[in-house]
Amino acid sequence: MKAAQAAARAINPERFPLYLYKSILRLHYGLPAPARLMGDTYVKDEFKRHINAKPEFVKPFITEWTNYCMMLSKQLSSAGIRKGNIGKDLDSDKMEQLSNEHIQQLVELRVEADKHMGRDDFFQNLQNITENREKSV
Amino acid sequence: MSRLMVPSVNYIQTRGSKIEVFGPFDPPKQLTFKQVEERVLKAVRSWDRFPADKESLLKLDADLSKDFGFDSLDQVEIVMALEDEFGFEIPLQDSDKFKTIRDAFKYICEREDVYE
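Just so we're clear, the structure is a prediction, and the values are computed from it rather than from any experiment.

## Section: the overall build of chain A
Part 1: Within chain A, the secondary structure is distributed over seven helices and two strands.
Part 2: Along chain A, from the amino end to the carboxyl end, the secondary structure elements read α-α-α-α-β-β-α-α-α.
Part 3: For chain A, buried positions account for 21% of its 137 residues.
Part 4: Taking the contacts inside chain A whose residues are at least 6 apart along the sequence as the reference set, 38% of them involve residues at least 24 apart.
Part 5: Of the accessible surface of chain A, which amounts to about 10,700 Å², a share of 58% is contributed by carbon and sulfur atoms.

And the structure:
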């Protein structure tokens, strides 16, 4: 009975965002340090900004973060990354919705990230594609 | 028969009483009110977004929302700092009721059986 009451209190919709916030920050403990720093900063900032958001924005906000929390909880254990990679690739239909500016930003981000990792295969590919396109024009 | 009932050794050994060097870890020490207070304040002070200009206000009776202007999200983060400091989880339905730092202090003392 006590457990049932506790569960009923736990899903109190008013407090659910706080639960979500805490679980996400807790899950981030398992991330590698640089990823955790970035993730924590982003989560804190996003939640802060939506603290007085209108109800119609709150629902998708909470849904998306719940999805994120569930995805992460499957990929992380308290000891760190459970297996394989963390995160997931962007869906192709989500990709279609992005504007050209967004795509460009993502490409720049990828190139910079690769530079830090000492990889340049993506950048080479990109250059090849651009060259080929210029030739065909 | 009565001879068998007498314990062969005449002193009572309590746990750890015969050990002089306790091995690689210190045995858990009983916390005191003062230690808990220090550690609570330390955890709050070292929280990464603690406003530096309000450090003089930091004492047990400080009110989290009135004196520091912390919102519910900040409070969750502070409670997480306390959890990390003391090594146990404080459920949200309990930490929601913390109004002042003293409430958190009381909760921790109760949980850790601190009585002096």
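Now, onward.
## Remarks on unusual backbone geometry
Part 1: Phi at B:D113 takes a positive value of approximately 55°, unusual for a residue other than glycine.
Part 2: With respect to the element layout, B:D113 can be found in the segment after α5 (101-111).

## Digging into the nonpolar core
Part 1: Of all hydrophobic cores here, the largest spans 27 residues; its most connected members are B:V36, B:L82, B:F86 and B:I101.
Part 2: Secondary-structure elements contributing two or more residues to this core are α2 (33-45), α3 (72-86) and α5 of chain B.
Part 3: Look past the residues within four positions of B:F86 in its chain and what remains in contact with it is B:L31, B:V36, B:R39, B:V40 and B:I108.
Part 4: Formed by 19 residues, the second largest nonpolar core is a distinct cluster that contains A:L25, A:L27, A:V43 and A:L76.

## Description of a nonpolar patch on the surface
Residues and elements named next belong to chain A.
Part 1: A contiguous nonpolar patch, built from L90, M95, L106 and L109 and spanning about 370 Å² of accessible area, is present on the exposed surface.
Part 2: With respect to the helices, strands and loops of the structure, L106 is situated in helix α6 (residues 100-117).
Part 3: Residue L106 is classed as partly exposed on the basis of its relative accessible area of 38%.

## Considering the packing of α6(A) against helix α7 (residues 121-136) of chain A
Residue and element names in this part refer to chain A.
Part 1: Interaxial distance between α6 and α7 falls to 8 Å at its minimum, and their mutual angle equals 135°. Taken together, the axes of α6 and α7 lie oblique to each other. Seen from α6, the contacting residues are V107, R110, V111 and D114; seen from α7, they are F122, F123 and L126.

Cut-offs and rules
Residues numbered from 1 in each chain as written. Chains lettered and ligands numbered in written order. Predicted model: local features only at pLDDT ≥ 70, side-chain atom pairs only at ≥ 80, totals over all residues. Heavy atoms only, no water. Helix = DSSP H or I, 4+ residues; strand = E, 2+ residues; numbered from the N terminus. Buried < 20%, exposed > 50% of the residue type's maximum accessible area, 1.4 Å probe, protein only. Contact = heavy atoms within 4.5 Å. Areas by Shrake-Rupley, 256 points an atom, 1.4 Å probe, with all protein chains shown as cover. Core = buried A, V, L, I, M, F, W, Y, C linked by side-chain atoms within 4.5 Å. Patch = residues over 30% accessible without salt bridge, like charges linked within 9 Å, V, L, I, M, F, W, Y side chains within 5 Å. Salt bridge = Lys/Arg side-chain N within 4 Å of Asp/Glu carboxyl O. Axes fitted to C-alpha atoms, helices over the stretch in contact; angles between N-to-C directions. Parallel < 35°, antiparallel > 145°, perpendicular 65-115°, else oblique.

Spatial relationships are all this shows, so hold off on functional conclusions.
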